[in-house]
Amino acid sequence: MLKNQVAIITGSARGIGKEIALMYYKQGAKIVVNYPGDFEKEAAESVVETIRSEGGEAMAVCADVTNFKEAEELIKTTVSTYGKIDILVNNAGITKDMLLTRMTEAEFDAVINVNLKGVFNCTKFAVKAMLKTGGKIINISSIVGLSGNVGQCNYSASKAGIIGFTKTIAKEYGSRNIRVNAIAPGFIQTDMTKVLKESVKEEMNKQIPLKRLGNPEEIAKVATFLASDLASYVTGEVIRVDGGMAM
Ligand code: NAD
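Quick notes on the rules
Residues numbered from 1 in each chain as written. Predicted model: local features only at pLDDT ≥ 70, side-chain atom pairs only at ≥ 80, totals over all residues. Heavy atoms only, no water. Helix = DSSP H or I, 4+ residues; strand = E, 2+ residues; numbered from the N terminus. Rg over C-alpha atoms; globule rule 2.2 N^0.38 Å. Buried < 20%, exposed > 50% of the residue type's maximum accessible area, 1.4 Å probe, protein only. Contact = heavy atoms within 4.5 Å. Areas by Shrake-Rupley, 256 points an atom, 1.4 Å probe, with all protein chains shown as cover. Lys, Arg positive; Asp, Glu negative; His and termini not counted. Charge placed at Lys NZ, Arg CZ, Asp CG, Glu CD. Near = heavy atom within 4 Å. Polar contact = N/O pair within 3.5 Å; in protein donor to acceptor, adjacent residues only side chain to side chain. Nonpolar A, V, L, I, M, F, W, Y, C, P; charged D, E, K, R; others polar. Axes fitted to C-alpha atoms, helices over the stretch in contact; angles between N-to-C directions. Left-handed = near helix turned anticlockwise from the far one by under 90°. Phe/Tyr/Trp six-rings, centres within 6.5 Å; stacked < 30°, edge-to-face > 60°. Pairing = 2+ DSSP bridges. Right-handed = clockwise from strand over helix to strand, strands pointing away. Salt bridge = Lys/Arg side-chain N within 4 Å of Asp/Glu carboxyl O.

Draft legend 1. View of the overall build of the chain. The secondary structure content of the chain amounts to nine helices and seven strands. Taking 18 Å as the expected radius of gyration for a compact globule of 247 residues, we find that the chain reaches 17 Å, a close match to that expectation. Across its three principal directions, the C-alpha atoms of the chain cover 50 × 40 × 35 Å. Taken across its 247 residues, the chain has 50% of its residues classed as buried. Residue pairs in contact within the chain that sit at least 24 positions apart in sequence constitute 74% of those at least 6 positions apart. Surface exposure of the chain reaches about 11800 Å², of which carbon and sulfur atoms provide 52%. Charged side chains of the chain number 30 positive and 27 negative; the gap between the two group centres comes to 5 Å.

Draft legend 2. Local environment of the site of the ligand. By nearness alone, 30 residues border the ligand, and R14, E40, N91, Y155 and T190 come closest of all. At 3.1 Å from a nitrogen atom of the ligand is found a main-chain nitrogen or oxygen belonging to V65. Between the ligand and the protein, one listed contact pairs an oxygen atom with a side-chain N or O atom of T190 at 2.5 Å. Of all the secondary-structure elements, those providing two or more residues to the shell around the ligand are α1 (15-26), α6 (153-173) and α7 (191-194). When residues of the shell around the ligand are assigned to their parent elements, the largest contribution, three residues, is made by α7. Taken together, the residues of the shell around the ligand break down into 14 nonpolar, 11 polar and five charged.

Draft legend 3. Main features of the packing of helix α3 (residues 68-82) against helix α4 (residues 105-130). One way to put it is that α3 packs onto α4 with a least axis distance of 8 Å and a crossing angle of 35°. Seen along the crossing, α3 lies across α4 with a hand that is right-handed. The residues of α4 that touch α3, namely those facing F68, A71, E72, L74, I75 and V79, are F120, N121, C122, K124, F125, A126 and A129.

Draft legend 4. Inspection of the packing of aromatic side chains at higher detail. All told, the structure shown has two aromatic pairs when counted by the stated rule. Ring geometry for F68 against F120: centres 6.5 Å apart, planes inclined by 15°, an arrangement best described as stacked. Remark: F120 occurs in helix α4 and F68 occurs in helix α3; sequence separation between them is 52 residues. Look at F68 and you get partly exposed, because its relative accessible area is 36%.

Draft legend 5. Examining the pairing of strand β4 (residues 87-90) more closely. Residue alternation in β4 divides its side chains into two sets, I87 and V89 and L88 and N90, and both sets are buried. Pairing between strand β1 (residues 6-9) and β4: three bridges, direction parallel. Across the sheet, the residue bridging to I9 is V89, located in β4. Two strands pair when backbone bridges link them, and β4 and strand β5 (residues 135-140) are joined in this way by four bridges, in the parallel orientation. Its bridge partner being in β5, V89 is matched across the sheet by I138. In the classification by handedness, the crossover that spans β4, the intervening α4 and the parallel β5 is right-handed.

Draft legend 6. Summary view of the sheet that holds strand β7 (residues 238-241). If you walk across this open sheet you meet the seven strands as β3-β2-β1-β4-β5-β6-β7, and the pairing is parallel. At either end of the open sheet lies a strand with only one pairing partner, and these are β3 (58-62) and β7. When the angles between neighbouring strand axes are averaged without regard to direction, this sheet yields 20°. As defined by bridge partners, β1 adjoins strand β2 (residues 30-35) across four bridges and the pair is classed as parallel. Along β2, the bridge assignment pairs A7 with I31. Across the sheet, α4 lies against β4, β5 and β6 (178-185), angled at about 175° from β4, the strand it touches most. Sheet contacts for α6: β5, β6 and β7; angle to β6, the most-contacted strand, approximately 160°.

Draft legend 7. Seen up close, the pattern of salt bridges. One pass over the structure, following the stated rule, counts 11 salt bridges. Between R14 and E40 there is a salt bridge, and its shortest N-O distance comes to 3.6 Å. Separated by 26 residues along the polypeptide, R14 in the loop between β1 and α1 and E40 in the loop between β2 and α2 (41-53) bring together distant segments of the chain. On the basis of relative accessibility, which here comes to 45%, the residue R14 falls in the partly exposed class. Look at E40 and you get buried, because its relative accessible area is 10%. Here the residues in one salt-bridge network are R14, E40, D191 and K194, joined through shared partners.

Laid out in structure tokens, this is it:
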């Protein structure tokens, strides 16, 4: 479904981003595995190795998405290596949960910087590179951006911001055949949710019609759909992938 396409997935050394990278490669894409710093170099290289060992094309590029210059370099390196960029998945994200009155300015700023400003930085340079060719942007939001969540005012604001950003860029660049969509995952089993206590997970399961947490492949499948021609008339959309939790 993604034959000869070039895809950058931010924060793809592990978790949901890694699954998207692997699924896109299986559908024929050349993959840029982005990671933010040396601590994840090995993990990023191992995703690249997996793809290369099966005959695919991939490279790892270190860039902190909060850094405007590094985001620009990420796009430039991709275009100079593979000649173009067709797909950008803005997946990099962090949490720093705390109730509003106890949340520090630094905790608020850090989450907005990665989750929202990082999306601006990467999308700005990717769209510039896509103006002549068209392209697909997939932003990973969250159901808490739709419904809010106690202890996550920074995170839910960043994820709601992504939805407004997605719809605006879809309107601005639809005429250039650039489709921009968001995915709002529910609770997905990754390092991000591994820290939650079993009792909390059991409580969550009760609120999920499908009665279980999701897995990263279930997000990757929808990200593949949105990147492919199956979604050729879909733009400005937010797709919940949450087992029915936020309906
Ligand atoms: P994760 O923590 O396993 O992976 C996030 C990745 O982003 C890591 O590899 C991390 O190093 C990278 N990253 C962090 N800051 C970065 C930066 N400044 N520049 C580049 N990369 C950076 O988390 P995950 O669960 O795989 O989450 C992926 C995305 O899905 C995030 O945007 C997250 O908010 C969103 N999401 C996750 C869940 C869930 O339940 N796991 C639910 C809803 C939304």
